[in-house]
Amino acid sequence: MTEPSAGEVAVRVLAPADWPLWRDLRRAALADAPHAFRSRLADWGPREEDRWRARLALPGAYHLAAFVDGRAVGTTSGLPAGDGAVELHSVWVATAARGRGVGGLLLDAVEEWARATGAERLRLGVLAGNAAARAVYSRRGFVVEGAGDGAEVRMTKRLREA
């Protein structure tokens with residue numbers, strides 16, 4: 001793999017040893033966009049190393065970080081959900097990096113991984129008031145499946161015919 005040129009986006013799979021990076025990205029996401037997540041910054045303390053490591057060690061999970069010029073600017077995860085589905089979880093791109101294709105690369109990487117695992121569907125929950133995220137997911141082929149618990153909308157993208 002070649003090093004990205006200046007301004008190019010690189011996406012890297014995270015391992016349990018990357019917990020400090022994931023911690024910093026997750027805390028940045030919760031601070032930057034508290035309206036977009038059910039979790040709150042206060043829910044994820046900076047010193048809970050075991051909890052941070054455990055999240056990255058979930059069996060069958062796929063965690064990613066995106067970088068621009070070597071600086072971490074985005075993250076997401078794919079989590080096995082059973083019943084032929086993968087759950088897209090906690091998508092975030094730093095405000096300064098938006099509009100550069102970072103989110104698209106993260107979504108593409110999770111979708112490619114989900115297909116490789118044999119998943120039939122990629123699904124997610126988005127907070128009902130997050131119209132911008134819902135629009136992004138709709139443009140990428142996700143369709144509304146239901147209203148979760150009222151606070152979130154469930155969306156699904158079919159990866160292959162059942």
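Note that the coordinates shown come from a computational prediction; the quantities given were computed from them, not determined experimentally. (Residues numbered from 1 in each chain as written. Predicted model: local features only at pLDDT ≥ 70, side-chain atom pairs only at ≥ 80, totals over all residues. Heavy atoms only, no water.)

Novice: Which residues make up the pairing of strand 5 (residues 121–127), and what values go with them?
Specialist: Where burial is concerned, most of strand 5 is hidden: 5 out of the 7 residues are buried. Tracing the backbone out of strand 4 (residues 85–93), into helix 3 (residues 102–116) and back to the parallel element strand 5 gives a crossover that is right-handed. Here 7 bridges tie strand 5 to strand 7 (residues 152–158), and the two strands are oriented antiparallel to one another. Its bridge partner lying in strand 7, Arg121 is registered against Arg158. (Buried < 20%, exposed > 50% of the residue type's maximum accessible area, 1.4 Å probe, protein only. Helix = DSSP H or I, 4+ residues; strand = E, 2+ residues; numbered from the N terminus. Right-handed = clockwise from strand over helix to strand, strands pointing away. Pairing = 2+ DSSP bridges.)

Novice: Requested: an account of the nonpolar core, with residues and values cited.
Specialist: Ranked by size, the top nonpolar core spans 39 residues in total, and within it Leu88, Val102, Leu122 and Tyr137 carry the most contacts. With 7 residues, helix 3 is the largest single contributor of residues to this core. (Core = buried A, V, L, I, M, F, W, Y, C linked by side-chain atoms within 4.5 Å.)

Novice: Summarise the environment of Pro16; cite the residues concerned and give the values.
Specialist: Here Pro16 shows up in the loop between strand 1 (9–14) and helix 1 (19–32). In this structure the C-alpha to C-alpha distance between Pro16 and Trp52, which are 36 residues apart in sequence, comes to 8.4 Å. Those residues in contact with Pro16, other than ones at most four positions away along the chain, are Arg53, Leu56 and Ala57. (Contact = heavy atoms within 4.5 Å.)

Novice: How would you summarise the packing of aromatic side chains if you had to cite specific residues and measurements?
Specialist: Taken as a whole and assessed by the stated rule, the structure comprises 3 aromatic pairs. Consider the rings of Trp22 and Trp52, whose centres lie 5.3 Å apart with planes at 65°: the pair is edge-to-face. Within this pair, whereas Trp22 is found in helix 1, its partner Trp52 is found in helix 2 (residues 49–56), the two being separated by 30 residues in sequence. What makes Trp52 buried here is its relative accessible area of 0%. An angle of 5° between the planes, with centres 4.9 Å apart, marks the rings of Tyr62 and Trp113 as stacked. Here Tyr62 is found in strand 2 (residues 62–68), whereas its partner Trp113 is found in helix 3, with 51 residues between them in sequence. The two residues Tyr62 and Trp113 agree in class, both being buried. (Phe/Tyr/Trp six-rings, centres within 6.5 Å; stacked < 30°, edge-to-face > 60°.)

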